[in-house]
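# Examination of the molecular architecture
So you can see what is in the structure, the chains are spelled out below.
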Amino acid sequence: PWFDLIGLAFVDVGQVWAERADFGRDLAKSVGLGLRATTPVGVVRLDLARPLDRRPGDPSFKAYIGLGSAF
């Protein structure tokens, strides 16, 4: 075949803080499923994530599409 397809499950935890004193507070947590297709032009990634601690106004899920390797 001209590509390989891999499925995965993940847990993501993180946040961005404006002040050093806030470091480690209010961590955002999510779980999700992803697909990776290794093609002749590089890796194509599709991830669907569901937040575990949704805040008002947050969507019930997010989709991410990426090209190339993750950092």
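Coordinates for the structure precede this section.
Residues numbered from 1 in each chain as written. Predicted model: local features only at pLDDT ≥ 70, side-chain atom pairs only at ≥ 80, totals over all residues. Heavy atoms only, no water.

## As for the layout of surface pockets
Keep this limit in mind: Cavity: a set of points on a 1 Å grid over the protein atoms alone where a 1.4 Å probe fits but cannot get out. Pocket: an open set with protein on both sides within 12 Å along at least five of seven lines, its lining residues, like those of a cavity, having an atom within 4 Å of a point. Grid points are joined across faces, edges and corners, and a volume is the space filled by probe spheres set on the points. A run of DSSP states H or I qualifies as a helix once it reaches four residues; a run of E qualifies as a strand once it reaches two. Both are numbered from the N-terminal end. Residues are grouped as follows: nonpolar covers Ala, Val, Leu, Ile, Met, Phe, Trp, Tyr, Cys and Pro; charged covers Asp, Glu, Lys and Arg; every other residue, Gly included, is treated as polar.
Empty space within the largest pocket amounts to approximately 410 Å³. Along the wall of the largest pocket there are 19 residues; nearest its centre are D12, A28, S30, K62 and Y64. Every element with two or more residues in the lining of the largest pocket is listed here: β1 (4–14), β2 (28–39), β3 (42–51) and β4 (62–67). Take the lining of the largest pocket: its biggest share by element is 5 residues, from β1. In the lining of the largest pocket, the residues fall into 8 nonpolar, 3 polar and 8 charged.

## Describing unusual backbone geometry
Backbone geometry places D26, a non-glycine residue, at a positive phi of 55°. Among the structural elements, D26 can be located in the loop between β1 and β2.

## Quick word on the pattern of salt bridges
In a structure, side chains of opposite charge can pair up when their charged atoms sit close to one another. Rules: The salt bridge definition used is simple: a Lys or Arg side-chain nitrogen within 4 Å of an Asp or Glu carboxyl oxygen. Throughout, exposure labels follow a simple rule: accessible area from a 1.4 Å probe, protein chains only, divided by the maximum for the residue type, with under 20% read as buried, over 50% as exposed, and the rest as partly exposed.
Inspection of every chain in the model, using the stated rule, returns 4 salt bridges. Salt-bridge contacts for R55 lead to D26; the nearest nitrogen and oxygen are separated by 3.7 Å. One end of the pair, R55, is in the loop between β3 and β4; the other, D26, is in the loop between β1 and β2, with 29 residues separating them in the sequence. With relative accessibility at 42%, the residue R55 sits in the partly exposed group. On the basis of relative accessible area, D26 is assigned to the exposed category, the value being 55%. Between D58 and R55 there is a salt bridge whose closest N-O contact spans 3.4 Å. On the basis of relative accessibility, which here comes to 25%, the residue D58 falls in the partly exposed class. One continuous salt-bridge network, built from bridges that share partners, spans D26, R55 and D58.

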